[in-house]
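# Topology and contacts: notes
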Amino acid sequence: MRYQGREVGAEGRVRLVMESALTARDRVGVQDFVLLENYTSEAAFIENLRRRFRENLIYTYIGSVLVSVNPYKELEIYSKQHMGRYRGVSFYEIAPHIYALSDNTYRAMRTERKDQCILISGESGAGKTEASKKILLYYTVTCPANEHMASLGDCLLQSNPVLEAFGNAKTLRNDNSSRFGKYMDVQFDFKGAPVGGHILNYLLEKSRVVHQNHGERNFHIFYQLLDGGEDELLKTLDLERNPQNYQYLVKGNCPRVSSINDKNGWKAVRKALPIIGFSDGEVQELLNIVASILHLGNIQFGEGQDGETHITTETQIRNLTKLLGVDDLTLREALTNKKLIAKGEEMISPLNFEQAGSARDALAKAVYDRTFTWLVEKINRSLALKDEVYHSSKGSSVIGLLDIYGFEVLQHNSFEQFCINYCNEKLQQLFIELTLRSEQEEYETEGIMWETVKYFDNKIICDLIEEKHKGIISILNEECLRPGEACDVSFLEKLEDSLGGHAHFVTHKLANGKTRRVMSREEFRLLHYAGEVNYNVSGFLDKNNDLLNRTLKEVMCQSDNQILSNCFRREEVIDQKRPEMAATQFKNSLNKLMEILMSKEPSYVRCIKPNDAKQPGRFEEVLVRHQVKYLGLMENLRVRRAGFAYRRRYEAFLQRYKPLCPETWPNWHGRLVDGVSMLVQHLDYKPEEYKLGRSKIFIRFPKTLFATEDALEAKKPEIVLTLQTAWRGYREWAKYQHIRRAVIVIQSAWRGTKARRRAKRRRQAAELIRRFIKGFIHRHEDYSSENDYFLDHVRFSFLMKLRKNLPKSVLDKGWPTPPPSLIEASDHLRRLHMQNIVLKYCRSILPEWKKQLEQKVVASEIFKEQKDSYPRSVAKLFLGSRLESEQINLKVIQTLGNDKVQYGVLVTKYDRRGFKARPRQLLLTGSFAILVDKTKIKQRIDYNALRDISVSSLSDGMFVLHVHNEDNKQKWDAVLHCDHVIEAVTKLAMMSGRVNHVNISQGSIRFAVSRGKEGIVDFIRGSELKVAKGRKGHLLVTAPGLGDT
Ligand SMILES: Nc1ncnc2c1ncn2[C@@H]1O[C@H](COP(=O)(O)OP(=O)(O)OP(=O)(O)O)[C@@H](O)[C@H]1O
Ligand SMILES: [Mg+2]
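All values derive from a computational prediction rather than experimental measurement.

With that settled, consider the coordination of the magnesium ion (ligand 2). Distances from the magnesium ion (ligand 2) to its protein donors, Thr129 (OG1) and Ser178 (OG), fall within 1.9 to 2.0 Å. In this pair, Thr129 is assigned in helix α5 (residues 128-142) and Ser178 in strand β7 (residues 177-178), connecting sequence segments 49 residues apart. You'll find Thr129 and Ser178 in the same group, each marked buried.

Laid out in structure tokens, this is it:
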């Protein structure tokens, strides 16, 4: 049930939708301790931490404070996607995370335009540095980039490996323990882009340079250089790869640790240096210093017979002077003597063996410490706001990140632990003051009554340490400055004198028997807010004095190395004033830090270390309980819960729970406070359970909220349904509206188009009519612009009409009447059309029909208007033959041989003499005509011998074939009668080539009977056809007139 719904925001980033952080409470405890029912129980608190830790949920809130338990393993919760998930999401809506805190701080800075700071606290190894790196990474990845400072993100991130190499070391508690305090400001422009940064460093544990406890190491950089440095580089630095060869690296007896990869560390540092603005020369100078410290550590002294000290290690001192860039002799002198100023005169006093060793170590510590400070300043110069950005980013805001050493209790606690724990007291003060104050302020601004919560105020311990004239630091300073034999023990005595009886201060002398047993005589015990710590006073004075003898300072001032000459200023040597004591310096810088932090809005990350073995998955209850106690988490929770466990702005509360009340669902339109009031009344909140402030509702018990949350959970299906219904309805309605709008648009566009078209057509029509009328008026004039349209139209209409009414055949005489201007054209067209019809007709004629027509044409040429029976014959088709082949005697056909009968017809032959009628067959072949009587060929007339053919002009069927008979070989002319005379004569004339030799006789036809003798056939009109002998031996043929039949 943890995070379910997902929604893609406008920027496309995936954003987890608010799903109750509270509903996850059953599975993995509560995400916010404030919601813990049994909030006063430390056991319940720790159990909640443990349950979540087991599920790898290392982050839990106490209100706005983030508690983080070091998982000691890589968790998959720091990816870019995770960053995206936390961007712009409200703090409580999503699982607790360092990114949520980072984002919340960033947004608070942007929206409230107020500087913020994130205070990360916890003991060594609890994960403070890791947390600060994650916060920085979050900002560099998710914030927009300023165009002038695009590389700033890199610079910010890359400053870490360098500072860690020089300022972190392996300790028993942490393989990468920060041995300095770090406060870093990241500056953002008004658009929210990081534009600058600044680092403040606090009290580097410089004693580590010369001494390490067993199992611990010097600062990483030494090992990184020896392990990772190229052969060539080591040669120039006169270094050997084995760390065992260097006195300053052997004290802890653990040069190599499996969990630390010095080679990679070296690579990271080398990569980072140029990015944060180091030139090659500067890198070389920096490494010269690192190497020189190793050589310095190897410098040994010998004691002469007179007790004077001299240097016994020649090579080392040579290497050293070369690397430090100082004069050999002067350095030798300075290491074995010191200058004293007595009564205004300078005196040189030799150092004894021990003093020389201390001077050497002091030099090493001073050089390293000052180089570290220089390094921080160098980084600050790269991170500083560039001028152009500075001017363009007025109104910028700052987020400060404090990663400072946690409360430390070691076997042997010295001055450093004293300072570190003092720092933690101060931070606890600040924490108490700010959390209480802000809590109190909130109740005040909201006008809510609340009771004060009792908590331990550690001011008393702070005062014990820092109070003027009375505090431990003052006493220490006094002891350092006091003339006479001041020593660590005398300091302890002074403490006992001044502070004896203080509730938080004990010494061996002041302690009761039980405590005495666990304390040595050189120790004093402070009862810190976080626990008791015994401090061994040995070294306190020296460390506080922090004196590097002047002679050595002078030497360093002369160094060729730019870094060193920057670190050791000539003014310092000239200035006779004593510098501030170390503890005072630290106190002052802490007070300055408090001022910085007080001016900002704080957020807290409280880191807890689950076990001492740096092991994942191990949760040591005793250890955790101790941290919970000294981090004041229970108090924090109590304060937070004293008033009300839960508070929410009205709009947020109403927004979330409004579905639970019909009056507020789906929307409340009145004042917010009335809406909330209505809602809680409906939910039946008892008056003691809640209070309404000015802008927030305060709920006293978690169970009230849980009940509300459960009600919401139960209501959700209903809400979902309502939302779905509303949404579907809305979607459909919107779709409908969309379509409707589209339809209206289309309709109006279409109507407009139609109307425009109609108007255009009307206009055109009117114009046309006007032209038409004008043309009509001027129609008789010459073609001009006045009448062109009319005339064209008339022509056009005629042609169109003609097109539709063209005659379909030659016989169709119809033709539309043309307008005057087209008469000639019309005639042409008519002719052309006729030709066209004829042409088409001719093209489509079949061969037999063509033959028929040819014969008909010939018949027409011969007989048209010549013979009465012609018109009647026109409509009758000419047949191929009037005799079937079987009607012709076979013998006749055989006799004809190759000459095929092409036409045969029955005729009546009249004897030339006496005119006896005899039936005969007239057969036409290719070259002659024959008259056949049944089987016998009676007469054969070669076409060559055929001279003429005669017919009458009447309607009879008589025809006479006139034969050339000069040689008397032929029979004489044949007088024949045929019912198909037109057909038979036409065919004969055509076949014999005698078309022009057909005579149409009007009255009578003469024919040759025999040589010199003629016969005559007379023709007269009568009522019916009759052939008979007439007068004078003529044959008389009576034929009906034209209109008679
Ligand atoms: N969120 C985390 N995820 C995974 N490992 C972590 C996380 N936080 C811390 N660690 C592990 O714990 C080790 C110690 O963390 P870190 O150096 O941040 O401690 P610290 O609180 O800064 O200690 P010191 O006070 O000594 O500097 C880291 O080197 C890392 O291995
Ligand atoms: Mg650290």
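Turning our eyes to something else, we now look at the site of ligand 1. Around ligand 1, a shell composed of 18 residues is seen, among which Asn70, Ser124, Lys128, Thr129 and Ser177 lie nearest. Within the backbone of Gly127, one N or O atom sits 2.9 Å away from an oxygen atom of ligand 1. For ligand 1, the accessible surface in isolation is 620 Å², of which the surrounding protein chains cover 88%. Broken down by secondary-structure element, the contributors of at least two residues to the shell around ligand 1 are α5 and β7. In terms of residue count, α5 provides more of the shell around ligand 1 than any other element does, four residues in total.

Turning to unusual backbone geometry, a few remarks are in order. Among all residues save glycine, negative phi is the norm, and among peptide bonds the norm is trans. Omega for the bond connecting Trp665 with Pro666 falls within 30 degrees of zero, at 0°, which places this linkage in the cis form. Here Pro666 is to be found in the loop between α29 (650-657) and α30 (672-682). Positioned with a positive phi, Asp684 is a non-glycine residue whose angle comes to about 65°. Mapped onto the elements, Asp684 comes out in the loop between α30 and β20 (690-692).

This part covers the sheet that holds strand β16 (residues 523-528). On the basis of which strands lie adjacent, the open sheet formed by three strands has the order β15-β16-β17 and antiparallel pairing. In this open sheet, the two strands that pair with only one neighbour each are β15 (505-507) and β17 (531-536). For this sheet, the mean inter-axis angle between neighbouring strands, taken without regard to orientation, is 25°. In this structure, β15 lies alongside β16, joined through three bridges in antiparallel fashion. Within the sheet, the bridge partner assigned to Thr507 lies in β16 and is Phe524. Contacts between helix α18 (residues 459-466) and the sheet are confined to β15 and β16, with β16 contributing the most and set at about 150° to the helix.

The subject of this paragraph is the packing of aromatic side chains. Any two aromatic rings considered together are summarised by their centre-to-centre distance and by the angle between their planes. All chains considered together, the criterion is met by 34 aromatic pairs. With a centroid separation of 6.3 Å and an interplanar angle of 65°, the aromatic rings of Tyr422 and Phe586 are classed as edge-to-face. Here the residue Tyr422 occupies a position in helix α17 (residues 415-446), and Phe586 occupies one in helix α26 (residues 582-598), the gap between them amounting to 164 residues. The burial state of Tyr422 is the same as that of Phe586; both residues are buried.

Here the focus is the pattern of salt bridges. This model, assessed by the stated rule, comprises 60 salt bridges. Between Glu130 and Lys134 there is a salt bridge; the shortest N-O distance is 3.7 Å. Taken as a pair, Glu130 and Lys134 lie in helix α5 at a separation of four residues, close to a single helical turn. Relative accessible area serves as the criterion here: at 40%, Glu130 is assigned to the partly exposed category. A salt bridge links Glu621 to Arg625; its shortest N-O distance comes to 2.7 Å. Here Glu621 pairs with Arg625, and both are found in helix α27 (residues 621-630), just four residues apart, close to one helical turn. Judged by relative accessible area, Glu621 falls into the partly exposed class, the value being 29%. Salt bridges sharing partners connect three or more residues here, namely Arg173, Arg179, Glu205, Arg208, Glu216 and Glu408.

What counts, and at which threshold
- Residues numbered from 1 in each chain as written.
- Chains lettered and ligands numbered in written order.
- Predicted model: local features only at pLDDT ≥ 70, side-chain atom pairs only at ≥ 80, totals over all residues.
- Heavy atoms only, no water.
- Donors = N, O, S within 2.8 Å, 3.2 Å for Na, K, Ca; no water.
- Helix = DSSP H or I, 4+ residues; strand = E, 2+ residues; numbered from the N terminus.
- Buried < 20%, exposed > 50% of the residue type's maximum accessible area, 1.4 Å probe, protein only.
- Near = heavy atom within 4 Å.
- Polar contact = N/O pair within 3.5 Å; in protein donor to acceptor, adjacent residues only side chain to side chain.
- Areas by Shrake-Rupley, 256 points an atom, 1.4 Å probe, with all protein chains shown as cover.
- Pairing = 2+ DSSP bridges.
- Axes fitted to C-alpha atoms, helices over the stretch in contact; angles between N-to-C directions.
- Contact = heavy atoms within 4.5 Å.
- Phe/Tyr/Trp six-rings, centres within 6.5 Å; stacked < 30°, edge-to-face > 60°.
- Salt bridge = Lys/Arg side-chain N within 4 Å of Asp/Glu carboxyl O.

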